[in-house]
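The residues making up each chain are set out below.
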2 protein chains.
Amino acid sequence: MRVLGVDPGLTRCGLGVIDARMNRKVSFIDVRVARSSAHLPPDQRLLIIANEIDKVIDSFSPDVMAVERVFAQDNVRSVMGTAQVAGIVLLAAARRGIPIEMHTPSEVKASVTGSGRADKKQIQQMVKRILSLDEVPQPADAADALAIAICQAWRGGPASLTAQPDRYQHGGAGLLPPTEGAGLTAAQKIWAKAERKTRSRTGAKIFR
Amino acid sequence: MRVLGVDPGLTRCGLGVIDARMNRKVSFIDVRVARSSAHLPPDQRLLIIANEIDKVIDSFSPDVMAVERVFAQDNVRSVMGTAQVAGIVLLAAARRGIPIEMHTPSEVKASVTGSGRADKKQIQQMVKRILSLDEVPQPADAADALAIAICQAWRGGPASLTAQPDRYQHGGAGLLPPTEGAGLTAAQKIWAKAERKTRSRTGAKIFR
């Protein structure tokens, strides 16, 4: 299952792509940071960021997307631009029929580091380790985007299924995707389908 | 010059269309309110609102757009959704090359009522009077969208030119659009072109 994680922002928008398998194995595919100059009017800045988002979606065909949830209490100066970018990310996903979820910063931190109060450095180090990267992704927005994608893979996929333990089977190192057929929720069907697609694309096998 | 004013919102998004001439004459063209249910996920809500915005732009071909500027200090519960909608409005304009400006609520109030602290009722009454409507536009979001369009027509058009009094001529009841050619700013060229287009569309004449 291919996941696109987005750390929304007008000045820097992180876009991280990973592949996720059901045994919690995640692998790095791509990361980039879309940028727009603060000297441009807001509509032109959004257009630049939106074009970059479209390019990443078209290039990597994510099965699912995730974007960080923005709070009005955060940095008041930049929060409205950040929310505007989150809006265009949500819309880009909806227009293509790609499921998208939002995760709070503390959910992302907890997923990746085990602590909802981890700092930037801890997140960067864990992202490097989890994805077996040679270096820490720079700038912080790049690492954050990958962390959001990892959070989606671990929480949004298997995590959301653990609420219904009778719907799936445990198998060795991790969870197995739900089998298709009656009794699956819409989200589970999407997941099962995405998982099959990923298996056929990567050649990876999941033993039952 | 045709103006689309947008009062952004996820639950109700006001979309008001007017025609504006340089003598401050404005006339009503259309008003509607796009709605999305709070029971839907945010990406689906944005898609519904975005489709309505696209429909209005395609139907009325505005020369210029305006959207209310959202502040993080406003209603914290709804402000992020409102900012997301503002983002998709700005992007919709940028994608089509339609100039778009943002106006604060007090700028809109001051334009339409003369007071930056007017209440909803005063705005609705003034919108009704200015556009010679038989009834007050309902709900408030509809009146607000028309007020934003009027604000854009009066501030964004002629108002922005009064800063350069040598660039245009006074003529009777109001301002005349800038003549084309060298010496005009990009915004003035857009305005002059839009003005010609409106004249040819409505058959209205502006005497020099």
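Quick caveat, the model's predicted, so the values are computed rather than measured.

Trainee: Tell me what's going on with the sheet that holds strand β5 (residues 100–103) of chain A, and back it up with residues and numbers.
Mentor: Where strands meet in a sheet, backbone hydrogen bonds hold them as pairs that are either parallel or antiparallel. Residue and element names in this part refer to chain A. The five strands are arranged β3-β2-β1-β4-β5 in an open sheet whose pairing can be described as mixed. The strands lining the two open edges of the sheet, one partner per strand, are β3 (26–35) and β5. Recorded for the sheet is a direction-independent mean angle of 20 degrees between the axes of neighbouring strands. Note: strand β1 (residues 2–7) against strand β2 (residues 12–20), six bridges, orientation antiparallel. Its bridge partner being in β2, Asp7 is matched across the sheet by Gly14.

Trainee: Explain the relation of the copies chain A and chain B residue by residue, including any values.
Mentor: Taken as rigid bodies, chain A and chain B are interconverted by a rotation of 180 degrees and an axial shift of 0.0 Å, the fit giving an RMSD of 0.0 Å. Here the copies are linked by what is in effect a two-fold axis. Minimal C-alpha separation from the rotation axis in chain A is found for Gln84 of chain A, amounting to 2.2 Å.

Trainee: Describe unusual backbone geometry, and please don't skip the residues or the numbers.
Mentor: With an omega dihedral of -10 degrees, the bond running from Gln138 of chain A to Pro139 of chain A counts as a cis peptide bond. Along the chain, Pro139 of chain A falls in the loop between α4 (120–130) and α5 (140–161). Unlike most non-glycine residues, Arg24 of chain B shows phi in positive territory, near 70 degrees. Its place among the elements puts Arg24 of chain B in the loop between β2 (12–20) and β3 (26–35).

Trainee: An account of the pairing of strand β4 (residues 64–68) of chain A is needed here, citing residue identities and associated values.
Mentor: All names here are of chain A. For β4, the tally of buried residues reaches five of five residues, placing the bulk of the element in the interior. Here β4 shows a buried face lined by Val64, Ala66 and Glu68 and a second buried face lined by Met65 and Val67. The sheet contact formed by β1 and β4 spans four bridges and is parallel. Bridge assignment links Gly5 to a residue of β4, and that residue is Ala66. As defined by bridge partners, β4 adjoins β5 across four bridges and the pair is classed as parallel. For Ala66, the partnering residue across the bridge sits in β5 and is Glu101.

Trainee: Go over the confidence of the model for chain A, please, and point to the residues and values.
Mentor: All names here are of chain A. Looking at chain A as a whole, the pLDDT averages 80, with 72% of positions reaching at least 70. This stretch, residues 157–188, has a pLDDT under 50; its non-local contacts, to residues over four places away or in other chains, come to 53 contacts. Scored below 50 in pLDDT, residues 198–208 shows 22 contacts in the model against residues more than four places distant or in partner chains. Among the scores for the predicted complex, ipTM is 0.76 and pTM is 0.77.

Trainee: Help me get a handle on the sheet that holds strand β5 (residues 100–103) of chain B, residues and values and all.
Mentor: Residue and element names in this part refer to chain B. In space, the five strands of this open sheet follow the order β3-β2-β1-β4-β5, with mixed pairing throughout. In this open sheet, the two edge strands, each paired with only one partner strand, are β3 and β5. Between one strand axis and the next, the sheet turns through 20 degrees on average, direction left out of account. Relative to β3, β2 is paired through nine bridges, and the arrangement is antiparallel. Each bridged residue has a counterpart across the sheet, and for Ile18 the counterpart in β3 is Phe28. Strands in contact with helix α3 (residues 105–113) are β4 (64–68) and β5; relative to β5, the strand with the most contacts, it is inclined by about 90 degrees.

So, how was this worked out
Residues numbered from 1 in each chain as written. Chains lettered and ligands numbered in written order. Predicted model: local features only at pLDDT ≥ 70, side-chain atom pairs only at ≥ 80, totals over all residues. Heavy atoms only, no water. Pairing = 2+ DSSP bridges. Helix = DSSP H or I, 4+ residues; strand = E, 2+ residues; numbered from the N terminus. Axes fitted to C-alpha atoms, helices over the stretch in contact; angles between N-to-C directions. Least-squares fit on C-alpha atoms with pLDDT ≥ 70 in both. Buried < 20%, exposed > 50% of the residue type's maximum accessible area, 1.4 Å probe, protein only. pLDDT = per-residue confidence, 0-100. Contact = heavy atoms within 4.5 Å.

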